[in-house]
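Fold and geometry: a report
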Amino acid sequence: MLSKIGLKELPEKSVLLIEEDLGCIKHIFVQKIGFEAVKTGKRVVYITPKLKEDVNRQMSTYYGLKQLENFEIIENFRDRGSLLDVCNGDVCIIDPFTSLFIDSDIDELINTLNSFMASSRKDNRIFLLTSDMGVIPGRAERIMRSLVDGVIQLLVAYSGDRINRFINIPKLNGTQPLDRMIPFTVGEEGIAIDTRERIE
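Quick summary incoming for the structure in this document. Because the structure is predicted, anything quoted here is derived from the model rather than measured.

1. Focus: the overall build of the chain
Helix and strand content of the chain: five helices and nine strands. Its helices and strands in sequence order give the chain the pattern β-α-β-α-β-α-β-α-β-α-β-β-β-β, from N to C terminus. Residues counted as buried form 48% of the 200 residues belonging to the chain. Summarising the internal contacts of the chain: among those between residues at least 6 apart in sequence, 68% fall at separations of at least 24. Approximately 10,400 Å² of the chain is accessible, and the part contributed by carbon and sulfur atoms is 48%.

This is the structure we're talking about:
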C-alpha cells in the first residue's frame, strides 16, 4: 500500500500523524501499515481505548487479517502519562491519539510529542498517531503538526451524490513533496489506491 502512495517504506526514526476529519478510515490505514511492518520483521504495539476483540473484528472485516504474534494490542488504554512506557515496539501505533488529550493542556501535549521524538531517534522507533481533526483546539492541532516528522491526511470531497476520498501528504521528512493528492476507495478489501489518472 505504501508504495502506491509514493513511499517505499515508513521513514525510520519518525513520528507520523495520520489525520481524518471524521470516520474510521484512519484506523484501517494504520492497522494495515502495522501488519505490513510485522511482515518485514518489525514488532508492532497497537495502543487503543477500544477492546481487543473490536480491533480484531475490524481488521478481520477489512483485510482478513488475523492476530499476529508480533502485533500486540494494548486495549482499554486511557493513561496518557504512561504512553512512552508501553510504546516498546519497533512501530508504536496510538489510535486514536488526540482523544487522549481532549482535556489536557498544550504543554502536556508538547512534552508527550517531544518524548516521542526523542524515543524515535534513540530507540530507532516509528510512532503512528491518529487524529480526528478538530477534537483538540486549533492552536494545539497546529503545534502538533509542526512538531511531528510527517502528516498524512485522509480527506473527503463531496461532488453531488458522490463521495471522493484522497490521501494528502503535506509534510513527510526525507521524501519529496507530492504534487497531487492520491485518490483511494474503501471496500471489503480495505483501502485501495486508485491508480487511474482522474480527469475532471
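We are not done yet, so read on.
2. Let's talk about the side chain of Gln153
Within the secondary structure, Gln153 sits in strand 6 (residues 150–159). A residue is classified by how much of its surface remains accessible, and Gln153, at 13% relative accessible area, is buried. Of note is the side chain of Gln153, whose polar atom sits 3.0 Å from the side chain of Glu19. Contact partners of Gln153, with chain neighbours within four places excluded, come to Glu19, Arg145, Phe166, Ile167, Asn168 and Pro170.

3. Focus: helix 5 (residues 138–147)
Looking only at helix 5, the buried set comprises Ala140, Glu141, Ile143 and Met144. Angularly, the buried residues of helix 5 cover 165° about the axis, an arc narrow enough to put them on a single face. Facing away from the buried side of helix 5, by more than 90 degrees, are the exposed residues Arg139, Arg142 and Ser146. In this fold, the buried residues of helix 5 make contact with strand 1 (14–20), helix 4 (106–122) and strand 5 (126–132).

4. Things to note about the nonpolar core
Core analysis: the biggest nonpolar cluster contains 30 residues, and Ile18, Phe29, Phe71, Leu128 and Ile167 have the highest contact counts within it. Among the elements that make up this core, the one with the highest residue count is helix 1 (residues 25–39) (eight residues). Contacts of Ile18, omitting those with residues within four sequence positions, involve Lys26, Phe29, Val30, Leu128, Leu129, Thr130, Ser131, Ile152 and Leu154. One finds Cys87, Met117, Phe127 and Met144 within the second-largest nonpolar core, a separate group that totals 24 residues.

5. Observations concerning helix 4
The first and last C-alpha atoms of helix 4 sit 24 Å apart over 17 residues, in line with the 24 Å expected at 1.5 Å per residue. In the core, the buried residues of helix 4 are packed alongside strand 1, helix 3 (83–86), strand 4 (91–94), strand 5 and helix 5. Of the residues one or two after helix 4, Asn124 is the one with positive phi, at around 50°.

6. Examining the packing of aromatic side chains
The geometry of an aromatic ring pair comes down to the distance between the two centres and the angle between the two planes. The tally for this structure, following the rule as stated, stands at five aromatic pairs. Plain terms: the ring middles of Phe116 and Phe127 are 4.5 Å apart, the flat faces sit at 15° to each other, and that makes the pair stacked. Of this pair, Phe116 sits in helix 4 while Phe127 sits in strand 5, and the two are eleven residues apart along the sequence. Using a relative accessible area of 0% as the deciding quantity, one classes Phe116 as buried. Since its relative accessible area comes to 0%, Phe127 is described here as buried. Following the ring pairs from residue to residue traces out a cluster consisting of Phe97, Phe101, Phe116 and Phe127.

Criteria and thresholds
Residues numbered from 1 in each chain as written. Predicted model: local features only at pLDDT ≥ 70, side-chain atom pairs only at ≥ 80, totals over all residues. Heavy atoms only, no water. Helix = DSSP H or I, 4+ residues; strand = E, 2+ residues; numbered from the N terminus. Buried < 20%, exposed > 50% of the residue type's maximum accessible area, 1.4 Å probe, protein only. Contact = heavy atoms within 4.5 Å. Areas by Shrake-Rupley, 256 points an atom, 1.4 Å probe, with all protein chains shown as cover. Polar contact = N/O pair within 3.5 Å; in protein donor to acceptor, adjacent residues only side chain to side chain. Arc of directions from axis to C-beta. Core = buried A, V, L, I, M, F, W, Y, C linked by side-chain atoms within 4.5 Å. Expected span 1.5 Å × (residues − 1). Phe/Tyr/Trp six-rings, centres within 6.5 Å; stacked < 30°, edge-to-face > 60°.

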